[in-house]
Amino acid sequence: MKKLNLNLLVLLILTIPNLLKAQSYVGHSVDNYSGVHGLISNPSNVVDSRVKADVNLFSASVFGGSDYFGINVSDVIKSDGGFDFESDAEKFPSNANNFFLNADILGPSFMFNLTPKSSIGMVSRVRAFFNINNISGELYENLADNFDTNEDFMFNSENLTGTIHAWAEVGLVYGRVLVDKEQNFLKGGVTLKYLQGAGGVFINSPSFTGDYDATNETLNTTGSLQYGISQDFDNDDIEFSNLTSGFGADIGFTYEFRPRTDLDSLTKKHNKYKLKIGASITDIGSINYKESVVTTYDLNKTVNASDYDEDTEDFLDDNYTSTEETIAQKINLPTAFHFLADYNIKNKLYVSLQTNLSLVKKSTTGSNNIINSVTLAPRLETKWFSIYSPVSFRQYGDFAWGGGLRVGPLMVGSGSILSNLLSDTTKTTDVYVGLKIPIYQ
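Residues numbered from 1 in each chain as written. Predicted model: local features only at pLDDT ≥ 70, side-chain atom pairs only at ≥ 80, totals over all residues. Heavy atoms only, no water.

Observations concerning the pairing of strand S15 (residues 349-358)
- Sheet topology places strand S14 (residues 336-346) next to S15; ten bridges connect them, and they run antiparallel. If you follow Lys 346 over to S15, its bridge partner there is Leu 349.
- As paired strands, S15 and strand S16 (residues 373-381) are joined by eight bridges and run antiparallel to one another. Residue pairing for S16: Gln 354 is matched across the bridge by Thr 375. (Pairing = 2+ DSSP bridges. Helix = DSSP H or I, 4+ residues; strand = E, 2+ residues; numbered from the N terminus.)

Have a look at this one:
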């Protein structure tokens, strides 16, 4: 079996805050001039757009965090490189801590009008997701510290799951105006995706309990743990060479209420609505890795914790009975529901309310999921320039406040940069950047 090294999961958890130095499209995707980026959350945005055509050259997005760590960004800045993440970050351990990270690189992509009532597009992306759900924060901290503690502790993890997955996708987008009568306007769109999976790692434990005896340095555990790896997946060097095919889809609709009486005098370069409502489901589908190696450990045992030395897999192999099998493991995409209400306050001033909800249960083995969020974003929107300041309430109790702007072909921003600078305990963070060629109506 190819060496997985479960320390990869611990390593990713430790390095999440250091990886978050690039991007997320929070606030930008609702811009009526967002072009290709609007297709990611709702494919119906491809038609009746304020851009006649749009070509993405390169964009990148990263979004991540945890309800276990809380970081004071000001302390990091003032430390001049001396910030010790393990000792200086505030911690919030529980029996069900969660860690998450997703990276999205948008490659060459485009959209353009076919007819006055239909449009098409093509979106190419490389994506990577990491989730670990319902892990004991107390256990994780002691694994990271090699059980260097003088205190007893207990833990109880129910439905522990974790998935790392990397894949590329090419999506063909089609949108059409369905209703265009007086004050009511409705359009729909669909994206059909061809997926190329680079592979993944997954763990699962329905029930995992234990207690640590500091005097005798023993760890008594009950339950079972299953982990697997897709064929030829190298966690030290993820490559898009030996790929596995799959299929996916997005579907969405947008309704606009257009009370103005002078619509005939307006061209496609103008927004005509007072209220816009959009709904979509994204990332329907999965990739089936046919020769995945799965190892199941029987954890009903008392072991010597002093033997643990930074290698989780070796510790499991040396102390617990295991079975191994080769199976077909399906890894589900992070299917999600998106809702948008966008209101035109006056002239070029807008305010949007956007909700993103995961349709994947955290307890589902071999699945990634987004974190649920609600975002309120006022913005000033013009053809060549937009500025927005989104305020989000994110799952696991985090509040985020950010800002971003679009200037012609360049966009940059973050949905959390202001709260990151002001808060003493930042739990999530995101930033984004992109360069494109927009051709306006």
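Some thoughts on the pattern of salt bridges
- What the rule picks out here adds up to 16 salt bridges.
- Residue Asp 283 is joined to Arg 127 by a salt bridge in which the shortest nitrogen-to-oxygen separation is 2.8 Å. You can see Asp 283 sitting in strand S11 (residues 275-298) and its partner Arg 127 sitting in strand S6 (residues 118-135), a full 156 residues away along the chain. Across the pair, exposure class does not vary: Asp 283 and Arg 127 are buried alike. (Salt bridge = Lys/Arg side-chain N within 4 Å of Asp/Glu carboxyl O. Buried < 20%, exposed > 50% of the residue type's maximum accessible area, 1.4 Å probe, protein only.)

Observations concerning a nonpolar patch on the surface
- Together, Phe 112, Leu 114, Tyr 174, Leu 178, Val 179, Val 190, Leu 192, Ile 251, Phe 253 and Ile 284 line one region of the surface with nonpolar side chains, adding up to about 830 Å² of accessible area.
- Looking at the nonpolar patch, the elements that each hand over two or more residues are strand S5 (109-115), strand S7 (153-181), strand S8 (184-213) and strand S10 (244-257).
- In this fold, Tyr 174 is placed in strand S7. (Patch = residues over 30% accessible without salt bridge, like charges linked within 9 Å, V, L, I, M, F, W, Y side chains within 5 Å. Areas by Shrake-Rupley, 256 points an atom, 1.4 Å probe, with all protein chains shown as cover.)

Considerations on the packing of aromatic side chains
- Throughout the structure, instances matching the rule amount to 22 aromatic pairs.
- For the ring pair Phe 155 and Phe 208, a centre distance of 5.1 Å and an interplane angle of 75° mean the geometry is edge-to-face. Of this pair, Phe 155 sits in strand S7 while Phe 208 sits in strand S8; the two residues are 53 residues apart in sequence, bridging distant segments of the chain.
- Overall, the relative accessible area of 12% leaves Phe 208 in the buried class.
- Among the aromatic residues, ring-to-ring pairing joins Phe 147, Phe 153, Phe 155, Phe 208, Tyr 212, Tyr 308, Phe 315 and Tyr 320 into one connected group. (Phe/Tyr/Trp six-rings, centres within 6.5 Å; stacked < 30°, edge-to-face > 60°.)

This is a description of form; function is not addressed.
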